[in-house]
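# Secondary and tertiary structure notes
Take a look at the letters that make up each chain.
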Amino acid sequence: MRGVASGVRVVLVLAAKDVRLLSRDRVALFFTLVFPLLFGILFGAVFSGSAAGDGPQALDVAIVDLDDSGDSRGVIARLSADGQLAPVDAETADEARELVRTGAVEAYFVFPEGFGEAATMPFGGSPMRIEVGSGPSGRGTRAMLTGIATQAVFEQFGEAMLDPERSREMVREARSVLAEAEGMDPAQRLAVQALLSAAEGAIAQSPAEIGEGGDEVGGEDAGGGFNIVDIDEVEVTAGADAAVVSSFAISFPQAMLWGVMGCAAVFGVSLVGERTGGTLTRLRVAPIGRWHIVLGKAVACLATTLAVCAAMLAVAWIAFGVRPVAPGTLVVGVLAVAMCFVGVMMLLSVIARTEAAASGIGWACLLVLAMIGGGAIPLAFMPPWLREIGHVSPVKWGILAIEGGLWRGLSVSEMLLPVGMLAGIGASAFAVGAVVFAKRENR
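Residues numbered from 1 in each chain as written. Predicted model: local features only at pLDDT ≥ 70, side-chain atom pairs only at ≥ 80, totals over all residues. Heavy atoms only, no water.

### Quick word on the overall build of the chain
Note the cut-off: In this text, helices come from DSSP runs of H or I with a minimum length of four residues, and strands from runs of E with a minimum of two, each type numbered from the N-terminal end. Only protein chains enter the accessibility calculation, which uses a 1.4 Å probe; a residue is then buried when its area is under 20% of its type maximum, exposed when over 50%, and partly exposed in between. A contact between two residues is defined here by any heavy atoms of the two lying within 4.5 Å. Throughout, the Shrake-Rupley method with a 1.4 Å probe supplies accessible areas, and for residues the shown protein chains are the sole cover considered.
Broken down by element type, the chain carries 18 helices and five strands. A burial count over the chain gives 42% of its 443 residues as buried. Expressed as a percentage of contacts within the chain between residues at least 6 apart in sequence, the contacts between residues at least 24 apart total 76%. When the accessible surface of the chain is totalled, it reaches about 21600 Å², and 63% of it is carbon and sulfur.

Spelled out as structure tokens, the structure:
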């Protein structure tokens, strides 16, 4: 029994020792307690809208009202009423498409001229038309926006049908169009006449019944082949002649950023290992300066990063047929990304004194930058305040810079913002890292 008790006592003493060591290691304590807490808060913030039952976060959507009628304004008001969309005014359809192409908004709506006129005669074979557009990465978004727009149109149409005078006007307009229609199939003509007669009867009895049954007169092939609303979905690419953008052209920029972050983490940890292993001390004995060591590591990281990006682009080209719409712009974007993360590598190499700590802290920082920069979760699903914080992440600007040459077709002036942000972040990180490195080596 004494042996068992003694063994238990030893185990408890050793366990207490390890707990005390953990409590004294600030880095280990941070990643054991604080970082998981921050991670949970960050994910909670990202999904706060849907978790709280408030629906998805509002999407930035450009809206162009070329009709400027009461009906178009009514539908637009309904689109933004439930908070799912954050409307951004645009003057023309081309301006709206440019906003989508450059990444300023997620999608756009265009209400062409004649929308209000078509709304006054929904049974007359001239549907209300709406154009919905987004980038290649927003195909699911377009489908969602099509549903939202259809609902808004039917709500507006149902409200109009509750007005007896306007309902009668719609029926009169429809009869006039029907009378002038030539070459119409007799069976279809009879079906439309029956529908209009039924509508007149409903108006005479109770206008509210029309609004309640409004869904039955819209949609595909309703009313003998007429549509109330026709929504055109447009995919915005670099231009009218651009090829259809594949899913791989959308996914590879994110994948390239993960590869770049891996290079930064590996070289940052290797510099810490050289310092703790005495390699830097032996190098200092040789007739080389401290800046030779720093620049040598930077050049190695830059060359490896460029090689990783080139290899991934080659795979995308050969295996998946991804063709950049602006090769020169793509080269500039990749160079800017590589140089930026060389600076990030230098900063990561001085934030910890051991390889294990540098690896943990480095990947933790990179993971957070990826999350807030759209490398893990699309920016469209983040709350507005988190999207604003994402401006400080080089991942966001790196993805935009690579997409600029791969499928967005950004011009030189449009590339100034992402390239400038990457250059600023990279230069600042490299300068801070180099200064701290020099101070430590002087001790």
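### Side note on a nonpolar patch on the surface
Applicable threshold: Candidate patch residues must exceed 30% relative accessible area and have no salt bridge, after which like charges are joined if within 9 Å and Val, Leu, Ile, Met, Phe, Trp or Tyr side chains if within 5 Å. Take a side-chain nitrogen of Lys or Arg and a carboxyl oxygen of Asp or Glu: if they are within 4 Å of each other, that pair is a salt bridge.
Nonpolar side chains collect at one region of the surface, where Phe248, Val315 and Phe320 lie side by side and expose about 230 Å² of accessible area between them. With respect to the helices and strands, the residue phenylalanine 320 is situated in helix α13 (residues 290-320).

### A word on the environment of serine 247
Structurally, the position occupied by serine 247 is in helix α11 (residues 247-276). With 111 residues separating them along the chain, serine 247 and proline 136 place their C-alpha atoms 7.8 Å apart.

### Digging into helix α4 (residues 70-81)
To keep things clear, this is the line we draw: Expected helix span is given by 1.5 Å per residue-to-residue step, counting one fewer step than there are residues.
For α4, spanning 12 residues, the distance from its first C-alpha to its last is 16 Å, which sits close to the expected 16 Å at 1.5 Å a residue. Once α4 finishes, glycine 83 follows within two positions and takes phi at roughly 80°, a positive value.

### Structural notes on the packing of aromatic side chains
Heads up, the condition is: Working definition: a ring pair exists when centres of Phe, Tyr or Trp rings (six-membered ring for Trp) sit within 6.5 Å. Plane angles under 30 degrees give stacked, over 60 give edge-to-face, the rest tilted.
Within this structure, the stated rule accounts for four aromatic pairs. Residues phenylalanine 111 and phenylalanine 115 carry aromatic rings whose centres are separated by 5.3 Å and whose planes lie at 85° to one another, so their mutual orientation is edge-to-face. This pair shows no difference in class: phenylalanine 111 is buried, exactly as phenylalanine 115 is. Ring centres of phenylalanine 248 and phenylalanine 320 lie 3.9 Å apart, and the angle between their planes is 20°; this geometry places the pair in the stacked category. Highlighted residues: phenylalanine 248 in helix α11 and phenylalanine 320 in helix α13, separated in sequence by 72 residues. Judged by relative accessible area, which is 32%, phenylalanine 248 ranks as partly exposed.

### What about the nonpolar core?
Taken as a class, soluble globular proteins show a tendency for nonpolar side chains to be buried jointly. Which entries qualify depends on this criterion: Side-chain atoms within 4.5 Å are what join buried Ala, Val, Leu, Ile, Met, Phe, Trp, Tyr and Cys residues into a set we call a nonpolar core.
Core analysis: the largest hydrophobic core is formed by 41 residues, its most contacted members being Leu257, Val337, Phe341, Leu366, Val395 and Leu422. The contact partners of leucine 366, leaving out residues within four places of it in the chain, are Met261, Ala265, Phe341, Val344 and Leu348. Counting 25 residues, the second-largest nonpolar core is a separate cluster that includes Ile130, Val132, Ile148 and Ile231.

### Some details on the pattern of salt bridges
In a structure, side chains of opposite charge can pair up when their charged atoms sit close to one another. Enumeration according to the criterion identifies 10 salt bridges in this entry. In this structure, arginine 73 engages aspartate 68 in a salt bridge whose closest nitrogen and oxygen atoms are separated by 2.9 Å. What makes arginine 73 partly exposed here is its relative accessible area of 44%. What you see here is one network of salt bridges that share partners, running through Asp94, Arg97 and Glu131.

### Digging into the side chain of serine 72
Our working definition: Under this definition, polar contacts are N or O atom pairs within 3.5 Å; protein pairs additionally need one hydrogen-donor-capable and one acceptor-capable atom, and for neighbouring residues in sequence, both atoms have to be side-chain atoms.
Note on placement: serine 72 falls in helix α4. On the accessibility criterion, serine 72 (0% relative accessible area) is buried. Only 2.9 Å separates the side chain of serine 72 from the backbone nitrogen of serine 69, close enough to count as a polar contact. Discounting chain neighbours no more than four positions away, the residues touching serine 72 are Asp65, Asp67, Phe111 and Phe115.

### Some details on the pairing of strand β1 (residues 59-65)
Quick reminder of the rule: Between any two strands, at least two bridges found by DSSP are needed for them to pair. If the strands point away from the viewer and the path from the first strand over the helix to the second runs clockwise, then the crossover is right-handed.
Of all seven residues that make up β1, five are buried, and the element is covered over most of its length. As judged from the five bridges shared by β1 and strand β2 (residues 85-89), these two strands associate in the parallel manner. Bridge pairing in β2 places aspartate 60 opposite alanine 86. For the segment spanning β1, α4 and β2, crossover handedness is right-handed. As paired strands, β1 and strand β3 (residues 107-111) are joined by five bridges and run parallel to one another.

### Structural notes on the pairing of strand β4 (residues 128-134)
In terms of burial, β4 is largely enclosed, as six of its seven residues are buried. Here four bridges tie β3 to β4, and the two strands are oriented antiparallel to one another. Bridging from a neighbouring strand, valine 110 pairs with glutamate 131 of β4. Pairing between β4 and strand β5 (residues 229-235): seven bridges, direction parallel. Across the sheet, serine 134 pairs through a bridge with glutamate 235, a residue of β5.

### Brief notes about the environment of phenylalanine 267
Its place among the elements puts phenylalanine 267 in helix α11. Taking relative accessible area as the criterion, phenylalanine 267 reaches 16% and is therefore assigned buried. Along the sequence, phenylalanine 267 and alanine 300 sit 33 residues apart, while their C-alpha atoms lie 8.4 Å from each other. Look past the residues within four positions of phenylalanine 267 in its chain and what remains in contact with it is Lys297, Ala300, Cys301, Thr304 and Met345.

### Digging into the sheet that holds β2
What counts, and what does not: In this analysis, axes come from line fits to C-alpha atoms, helices being fitted only over the stretch in contact, and the angle between any two N-to-C directions falls in the range 0 to 180 degrees.
Strand order in the open sheet formed by five strands is β2-β1-β3-β4-β5, and the pairing between neighbours is mixed. In the strand order of this sheet, the two ends are held by β2 and β5, each with one partner. Strand-to-strand, the axes of this sheet are offset by a mean angle of 25°, without reference to chain direction. Against the sheet, α4 engages β1, β2 and β3, with an angle of about 160° to β3.

### Comments concerning the confidence of the model for the chain
Cut-off, in case you're wondering: A score between 0 and 100, pLDDT records how confident the predictor is in each residue.
Across the chain, the average pLDDT comes to 76, with 64% of residues at or above 70. For residues 49-56, every residue scores under 50 in pLDDT, and the model assigns this stretch five contacts once sequence neighbours within four places are set aside. Predicted confidence for residues 206-226 stays below pLDDT 50, and this span has 38 contacts to residues more than four positions away or in other chains.

### Remarks on unusual backbone geometry
Phi angles above zero are rare outside glycine, and aspartate 68 is one such case at about 50°. Position of aspartate 68 among the secondary structure elements: in the loop between β1 and α4.

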